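Here are the chains, one letter per residue:
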Amino acid sequence: KAGVTQTPRYLIKTRGQQVTLSCSPISGHRSVSWYQQTPGQGLQFLFEYFSETQRNKGNFPGRFSGRQFSNSRSEMNVSTLELGDSALYLCTSSLVISYEQYFGPGTRLTVT
Amino acid sequence: DAKTTQPTSMDCAEGRAANLPCNHSTISGNEYVYWYRQIHSQGPQYIIHGLKNNETNEMASLIITEDRKSSTLILPHATLRDTAVYYCIVRSPNSGNTPLVFGKGTRLSVIA
């Protein structure tokens, strides 16, 4: 079956702009999490959604937000972009309570 | 903070077994040991997980010490495509989808 898909794969934005990233989980998976990966901080948890509800949130400013739709697809939004938001944004897909989380290929965001 | 300690880097000759150690001395009774790897510029890939018994799948074997304070991931016949950063993570799946907390991992280089 198809894996986790993320769109777009690459994105270039300017400081102050906002951006929306999309994640489609594996069919039947209802939990989606988002992670940010930077060379300095490594992989860091952003938030997790299940049944359109945010269940868990990492330590990121309020400029980072997300949502999940009834079909389990998820979007994350970053407003007022800063240079430090340049990163690889990864989403994961899993069953409700799962031993395994499956990562998507990521969206590479560059802020100039 | 990550609850695991791994060597920063390791080399392995192609065709030989790669043994990647991980220390998790503060692991609690309901936490599993997970291994993921990340090939350059791709999303992390789940490899294997275990609680206290040794585990084997088509990708690797996981050996967990009796006191559960450390473990070793074994790639039995490493190939050049196994060159990646390997992450050892401890996590309990029993309380919902708790986030994966990534450390810096071990950069494995498989050499021809």
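J.: Talk me through the overall build of chain B; I want residue IDs and the actual numbers.
T.: When helices and strands are tallied, chain B shows zero helices and nine strands. Seen in sequence order, chain B has helices and strands lined up from the N terminus as β-β-β-β-β-β-β-β-β. For 112 residues, the compact-globule formula gives about 13 Å, and the C-alpha radius of gyration of chain B, at 13 Å, lands near that figure. Counting across all 112 residues of chain B, residues that qualify as buried make up 46%. A sequence separation of at least 24 residues applies to 57% of the contacts in chain B between residues at least 6 apart. When the accessible surface of chain B is split by element, carbon and sulfur atoms take 49% of a total near 5600 Å². Placing the 10 positive and 9 negative side-chain charges of chain B at their respective mean positions leaves the two points 4 Å apart.

J.: Describe in detail the sheet that holds strand β2 (residues 18–23) of chain B, supporting the description with residues and values.
T.: Residue and element names in this part refer to chain B. Sheet architecture is open: four strands sit in the order β2-β7-β6-β5, paired in antiparallel fashion. Each edge of the open sheet carries a strand with a single partner, namely β2 and β5 (55–56). Pairing of β2 with strand β7 (residues 70–75), which is carried by six bridges, proceeds in the antiparallel orientation. When the bridges of β7 are listed, Pro21 appears paired with Thr72.

J.: Now, about the state of the cysteines: what can you tell me, with residues and values included?
T.: Tallying each qualifying case throughout the model produces two disulfides over all chains. In this model, Cys23 of chain A is linked to Cys91 of chain A through a disulfide, with the two sulfur atoms separated by 1.8 Å. Measuring handedness by torsion sign, the sulfur bridge of Cys23 of chain A and Cys91 of chain A sits at about 65° and is right-handed. Highlighted residues: Cys23 of chain A in strand β3 (residues 19–24) and Cys91 of chain A in strand β9 (residues 87–94), separated in sequence by 68 residues. Residue classification places Cys91 of chain A among the buried positions, given a relative accessible area of 0%. Linked covalently through their sulfurs, Cys22 of chain B and Cys88 of chain B form a disulfide whose S-S length is 2.1 Å. Looking down the S-S bond of the Cys22 of chain B and Cys88 of chain B bridge, the torsion is -80°, so its handedness is left-handed. Of this pair, Cys22 of chain B sits in strand β2 while Cys88 of chain B sits in strand β8 (residues 84–91); the two residues are 66 residues apart in sequence, bridging distant segments of the chain. Residue Cys88 of chain B is classed as buried on the basis of its relative accessible area, which comes to 1%.

What counts as what
- Residues numbered from 1 in each chain as written.
- Chains lettered and ligands numbered in written order.
- Predicted model: local features only at pLDDT ≥ 70, side-chain atom pairs only at ≥ 80, totals over all residues.
- Heavy atoms only, no water.
- Helix = DSSP H or I, 4+ residues; strand = E, 2+ residues; numbered from the N terminus.
- Rg over C-alpha atoms; globule rule 2.2 N^0.38 Å.
- Buried < 20%, exposed > 50% of the residue type's maximum accessible area, 1.4 Å probe, protein only.
- Contact = heavy atoms within 4.5 Å.
- Areas by Shrake-Rupley, 256 points an atom, 1.4 Å probe, with all protein chains shown as cover.
- Lys, Arg positive; Asp, Glu negative; His and termini not counted.
- Charge placed at Lys NZ, Arg CZ, Asp CG, Glu CD.
- Pairing = 2+ DSSP bridges.
- Disulfide = S-S within 2.5 Å.

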